[in-house]
Structure formats: structure tokens, C-alpha cells
Amino acid sequence: ADEKREDIDQALSYAQQSYAIWKLKEDTMQMANLKKYTGLLQGKLKQYDEAFADLDTATLLYFKIPFFQGLAVTQFNRAQVNFLSGDIEQAEADFLQVQQFWRTQGDRIRIFINNNFGLKLYHALNDQEAIDGLVAENEQIMAMENLPPVVLKNWESVKAEHFGN
């Protein structure tokens, strides 16, 4: 666990340094991308105030561009941080809104990847009906899309961790 924390600390440090460089260059997209990432990393480190502040900054920067896919990924990161901080209801609200956005975009791969988090979320909520729906949706997506091996490996890992299958 200490080794994982050290890896997250190091990734956060590199991302913060990179942000400083992109800020000097006034590259709004890179700044937004990095704040979106540092927000998630800080959430994993239980630095929730800093996490939400960085996610708020990313949101403002993506609105400035505008880049709606970036906004959606930022909101997904916010769902994960809300989950980690114990605000499960807000995590679910963010998750559902993000998934609706990706459905309107027809981005089945994003839906599939995000459903992995959805399984953890609905496991915590003891909502078997929602879990069954996500599993069915991902199985349908697997039949229609050529998913990268790393995505499939994560899917199998999440299923095994939470459901033993």
C-alpha cells in the first residue's frame, strides 16, 4: 500500500510540474487535462478538498475551450472522488450523467470502461438490478466492439474482485 501511495505521490508531483509549464505556455487544453488528472490523483490520496478544487478548475478550463468530452471525463473523475470520499449518492448522480452523455455520443468504449466503476458503485449500494444491467450492457458492448486487451483485463479484474466470476 505504501508503494502504491508513493507511485501516486510521484505521478501527482510530475503532473503538477507539467501543469506549471503548460500554464506558462497558456495551453488551456493541457492545463485542463492535467487538472482533471491531478484531481483524481488527489482523491486517491484522500486529499478531497484539493481534488475537488482541481476538478473545478478543469471544468472551468474545458468550458472555456469548449471541450465537452473533457467535461464528461472530469465529471467521471468527480464521481470517483465522491465515491472515495464516501458521498455515494453524488457519485451515482455524476456517474449517471456522464453515462448519458457518452450514450448521446455513441461512445460504447467509454460506456464500457465507466461501467467498471459503476459495478463498484452499485456493489457499495447493494443494487443488484443496476449491477445486472451494467454487466448485460458490457457483455453487449463486448459483442459489438473490438476492445483493447487492457480494458478487457480490467473488466475481468473488477468482476472477480466484486463478484467472484
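Refer to the preceding data block for the structure.
Counting of residues starts from 1 at the beginning of each chain's written sequence and follows it residue by residue. The model is predicted, so local features are restricted to residues of pLDDT at least 70 and side-chain atom pairs to those at 80 or more, both for listing and for counting; the totals for chains, interfaces and linings are taken over all residues. Side-chain numbers come from the whole structure's heavy atoms, not from hydrogens or water.

> Describe the overall build of the protein, with residues and values.
On a plain count of helices and strands, the protein comes out with 8 helices and 0 strands. The C-alpha radius of gyration computed for the protein amounts to 16 Å, which stays within 12% of the reference 15 Å derived for 165 residues, consistent with globular compactness. Overall, the protein is about 45 × 40 × 30 Å in size when its C-alpha atoms are taken along their principal axes. Any two residues having at least one pair of non-hydrogen atoms within 4.5 Å are treated as being in contact. In the protein, once contacts between residues fewer than 6 apart in sequence are set aside, the share between residues at least 24 apart is 56%. The charged-residue count follows a simple rule in which Lys and Arg add positive charge and Asp and Glu add negative charge, with His and chain termini not counted at all. Positions of charges follow a simple convention, taking NZ of Lys, CZ of Arg, CG of Asp or CD of Glu. Between the mean site of the 16 positive side-chain charges and the mean site of the 24 negative ones, the protein shows a separation of 6 Å. Comment: elements are numbered from the N terminus, with helices defined as DSSP H or I runs of at least four residues and strands as E runs of at least two. Radius of gyration here uses only the C-alpha atoms, and the compact-globule reference equals 2.2 Å multiplied by the residue count raised to the power 0.38.

> Talk me through the pattern of salt bridges; I want residue IDs and the actual numbers.
What counts as a salt bridge is simple: a side-chain nitrogen of Lys or Arg found within 4 Å of a carboxyl oxygen of Asp or Glu. What the rule picks out here adds up to 5 salt bridges. Taking the shortest distance from any N to any O, the salt bridge between arginine 103 and glutamate 137 comes out at 2.8 Å. You can see arginine 103 sitting in helix α5 (residues 88-105) and its partner glutamate 137 sitting in helix α7 (residues 128-144), a full 34 residues away along the chain. Taking relative accessible area as the criterion, arginine 103 reaches 37% and is therefore assigned partly exposed. When accessible area is computed with a 1.4 Å probe and restricted to protein chains, residues below 20% of their type maximum are described as buried, those above 50% as exposed, and intermediate ones as partly exposed. For glutamate 137, a relative accessible area of 17% corresponds to the buried category. Arginine 108 is paired through a salt bridge with glutamate 145; the nearest N and O atoms lie 2.7 Å apart. Taken together, the positions of arginine 108 in helix α6 (residues 108-124) and glutamate 145 in the loop between α7 and α8 (149-163) put the pair 37 residues apart, joining distant regions of the chain.

> Describe unusual backbone geometry, listing the residues and the values that go with them.
Cis rather than trans, the peptide bond between isoleucine 65 and proline 66 has omega equal to -20°. With respect to the secondary-structure elements, proline 66 resides in the loop between α3 (48-64) and α4 (68-85). The backbone of lysine 46 shows a phi angle near 65°, a positive value even though the residue is not glycine. In this structure, lysine 46 sits in the loop between α2 (28-44) and α3. One non-glycine residue, asparagine 126, lies in the positive phi region at around 55°. The residue asparagine 126 is located in the loop between α6 and α7 in this model.

> Describe the nonpolar core, listing the residues and the values that go with them.
Soluble, globular proteins show a tendency: their nonpolar side chains are buried together. Residue types Ala, Val, Leu, Ile, Met, Phe, Trp, Tyr and Cys, when buried and joined through side-chain atoms within 4.5 Å, form a set referred to as a nonpolar core. Among the nonpolar cores identified, the biggest contains 24 residues, and Phe95, Trp102, Phe112, Phe117, Leu119, Leu121 and Tyr122 are the most heavily contacted of them. Elements represented by at least two residues in this core include exactly α4, α5, α6, α7 and α8. The residues contacting leucine 119, other than those within four sequence positions of it, are Ile131, Leu134, Val135, Trp155, Val158, Lys159 and Phe163.

> How would you sum up the packing of α2 against α3? Please name residues and give values.
Lines fitted to C-alpha atoms define the axes here, with helix axes fitted over just the stretch in contact, and angles between the N-to-C directions of these axes take values from 0 to 180 degrees. Viewed as axis vectors pointing N to C, α2 and α3 meet at an angle of 155°, and their least axial separation amounts to 7 Å. As summarised for this structure, α2 and α3 are arranged roughly antiparallel, according to the angle between their axes. α3 is crossed by α2, and the crossing has left-handed handedness. Here Thr28, Met29, Met31, Ala32, Asn33, Lys35, Lys36, Thr38, Gly39, Leu40, Gln42 and Gly43 of α2 come into contact with α3, specifically with Tyr48, Glu50, Ala51, Asp54, Leu55, Thr57, Ala58, Leu61, Tyr62 and Lys64. Partitioning the contact of α2 with α3 into residue classes produces 10 nonpolar, 7 polar and 5 charged. In what follows, roughly perpendicular refers to angles from 65 to 115 degrees, roughly parallel to angles under 35, roughly antiparallel to angles over 145, and oblique to any angle outside these ranges. Note: crossing handedness is left-handed where the near helix turns anticlockwise from the far helix by less than a right angle, and right-handed where it turns clockwise. For this classification, the nonpolar set comprises Ala, Val, Leu, Ile, Met, Phe, Trp, Tyr, Cys and Pro, the charged set comprises Asp, Glu, Lys and Arg, and every other residue, Gly included, is treated as polar.

> Break down the packing of aromatic side chains for me, citing the residues and quoting the values.
When the centres of two rings from Phe, Tyr and Trp lie within 6.5 Å, Trp using its six-membered ring, the rings pair. Their planes under 30 degrees apart give stacked, over 60 give edge-to-face, and anything left gives tilted. Per the counting criterion, the structure on display carries 7 aromatic pairs. Arranged with centres 5.9 Å apart and planes meeting at 45°, the rings of tyrosine 62 and phenylalanine 67 form a pair that is tilted. Taking relative accessible area as the criterion, tyrosine 62 reaches 0% and is therefore assigned buried. Between phenylalanine 76 and phenylalanine 117 the ring centres are 5.5 Å apart and the planes differ by 85°, which places this aromatic pair in the edge-to-face class. On the criterion of sequence distance, the pair formed by phenylalanine 76 in helix α4 and phenylalanine 117 in helix α6 is long-range, its members being 41 residues apart. With respect to burial, phenylalanine 76 and phenylalanine 117 carry one shared label: buried. Through pairs of rings, three or more aromatic residues link up here, namely Phe76, Phe83, Phe95, Phe117 and Tyr122. Should the NZ of a Lys or the CZ of an Arg lie within 6 Å of a ring centre and within 35 degrees of the ring normal, that charge is described as sitting over the ring. If you follow lysine 35 out to its NZ or CZ, it ends over the ring of tyrosine 19, 4.4 Å from the centre.

The quantities given are spatial measurements derived from coordinates; they are silent on function.
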